[in-house]
Amino acid sequence: SATVFTPTGFEVDKKRLDSEDDHYINILHLKPAAQCLFNKVRMTKLPQELKWFLINIRKETQAKFADLTNGVLANFMFLRFICLGITTPNAFGLSKKQPTNEMLRFLVLLSKVVQNLAFGVEFEKEGYMTEMNDFIVSNRDTMNEWLEKISTQDLGMSNDQFVGGSSGNEIVPNEMMKEACLKSMFCQMYGNRPVLKRECSRKMDKSEWQEFSLRLEEIGVLNSEASSDSTRSKSTRKEG
């Protein structure tokens, strides 16, 4: 939705304003841009694979931390997907060109606003953004309703999309969704393999780590040399 607007006349930080710019006028420009973005987000139909993730996030979070459910969902959706897409659209195939510095600043401001809205937090430390707090307050309930909507099973969903477990309450994905979940899990593990190696080799005993690292080698997350190095490193620490 950022492409609907020209990236001028939106700067709200008085320290960054040109002499001819007006802070309050720019606030009036930024608010409808943020509203347009939020409306676009709410109207976007989510993939069923993502919907399954969100349903299970709600289920698991409510079981242990009911009061934090929407915060966890907001974290997952906005910090991992939406805000990244806003500030680096070229990295996600949303734009062919890298944003100019002026456009990037505009996108950062939009990201700040929708991120605070997602968490229901009004601006305090960034004083120049406090004029956007009425936008956050007026859209807070709508945001919570949307987070609930995207993480609740639709009554119209067919059994091909979601199948009830033996208890009738368990949500089980079909084969397509299982494959998507496994791919996502692999990407997370592969992308974080240095942390994975360090933490697992530190917390597991030698035999457990050797067995686990072999499984990781089989699926391509680790190579044999890396897991051997971790094992040798662990043995050295124990001997020391």
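Residues numbered from 1 in each chain as written. Predicted model: local features only at pLDDT ≥ 70, side-chain atom pairs only at ≥ 80, totals over all residues. Heavy atoms only, no water.

Enquirer: Would you explain the overall build of the protein in this entry?
Expert: A tally of helices and strands in the protein yields nine helices and two strands. Secondary structure elements of the protein occur, N-terminal to C-terminal, as α-α-α-α-α-β-β-α-α-α-α. The buried share among the 240 residues of the protein stands at 35%. Nonlocal contacts in the protein, meaning residues at least 24 apart in sequence, comprise 59% of its contacts between residues at least 6 apart. Of the roughly 15,000 Å² that the protein leaves accessible, carbon and sulfur atoms contribute 53%. (Helix = DSSP H or I, 4+ residues; strand = E, 2+ residues; numbered from the N terminus. Buried < 20%, exposed > 50% of the residue type's maximum accessible area, 1.4 Å probe, protein only. Contact = heavy atoms within 4.5 Å. Areas by Shrake-Rupley, 256 points an atom, 1.4 Å probe, with all protein chains shown as cover.)

Enquirer: Help me understand the pattern of salt bridges in this model?
Expert: What the rule picks out here adds up to six salt bridges. Residue D134 is joined to K31 by a salt bridge in which the shortest nitrogen-to-oxygen separation is 2.8 Å. A residue pair is termed long-range when its members are at least 10 positions apart, and D134 in helix α5 (residues 133-150) and K31 in helix α1 (residues 23-43) qualify at 103 residues. For the salt bridge of R140 with E122, the shortest nitrogen-to-oxygen distance reads 3.3 Å. Here R140 is found in helix α5, whereas its partner E122 is found in the loop between α4 (101-119) and α5, with 18 residues between them in sequence. Look at R140 and you get partly exposed, because its relative accessible area is 24%. On the basis of relative accessible area, E122 is assigned to the partly exposed category, the value being 36%. (Salt bridge = Lys/Arg side-chain N within 4 Å of Asp/Glu carboxyl O.)

Enquirer: For this particular structure, what's the right way to read the side chain of S213?
Expert: Tracing the sequence through the fold places S213 in helix α8 (residues 206-218). Since its relative accessible area comes to 3%, S213 is described here as buried. Of note is the side chain of S213, whose polar atom sits 2.9 Å from the backbone oxygen of Q210. (Polar contact = N/O pair within 3.5 Å; in protein donor to acceptor, adjacent residues only side chain to side chain.)

Enquirer: Where do I start with the nonpolar core in this structure?
Expert: Among the nonpolar cores identified, the biggest contains 40 residues, and L30, L54, M77, F78, M132 and W146 are the most heavily contacted of them. Among the elements of the structure, α1, α2 (48-65), α3 (69-87), α4 and α5 are those that each provide at least two residues to this core. With nine residues, α4 is the single largest residue contributor to this core. Not counting the four nearest positions on each side in its chain, L30 is found in contact with F10, V12, F106, L109, L110, V113 and M132. Among the nonpolar cores identified, the runner-up in size contains six residues, and L196, C200, W209 and V221 belong to it. (Core = buried A, V, L, I, M, F, W, Y, C linked by side-chain atoms within 4.5 Å.)

Enquirer: Whenever I open this one, the confidence of the model for the protein confuses me. Can you help?
Expert: For any part of a model where pLDDT is low, the fine detail of the predicted coordinates should not be relied upon. Per-residue confidence for the protein gives a mean pLDDT of 79, with 75% of residues at or over 70. Of all the helices and strands in the protein, strand β1 (residues 162-164) carries the lowest mean pLDDT, 45, while α5 carries the highest, 95. The low-confidence segment residues 159-170, where pLDDT is below 50, has 22 contacts with residues more than four positions distant or belonging to other chains. Low confidence marks residues 226-240, where pLDDT is under 50. Its contacts with residues over four positions away, or in another chain, come to 21 contacts. (pLDDT = per-residue confidence, 0-100.)

Enquirer: Can you help me understand a negative patch on the surface in this one?
Expert: Side chains of D18, E20, D21, D22 and E102 sit close together on the surface and give a patch of like negative charge. Within the secondary structure, D21 sits in the segment before α1. You can call D21 partly exposed: its relative accessible area is 31%. (Patch = residues over 30% accessible without salt bridge, like charges linked within 9 Å, V, L, I, M, F, W, Y side chains within 5 Å. Lys, Arg positive; Asp, Glu negative; His and termini not counted. Charge placed at Lys NZ, Arg CZ, Asp CG, Glu CD.)

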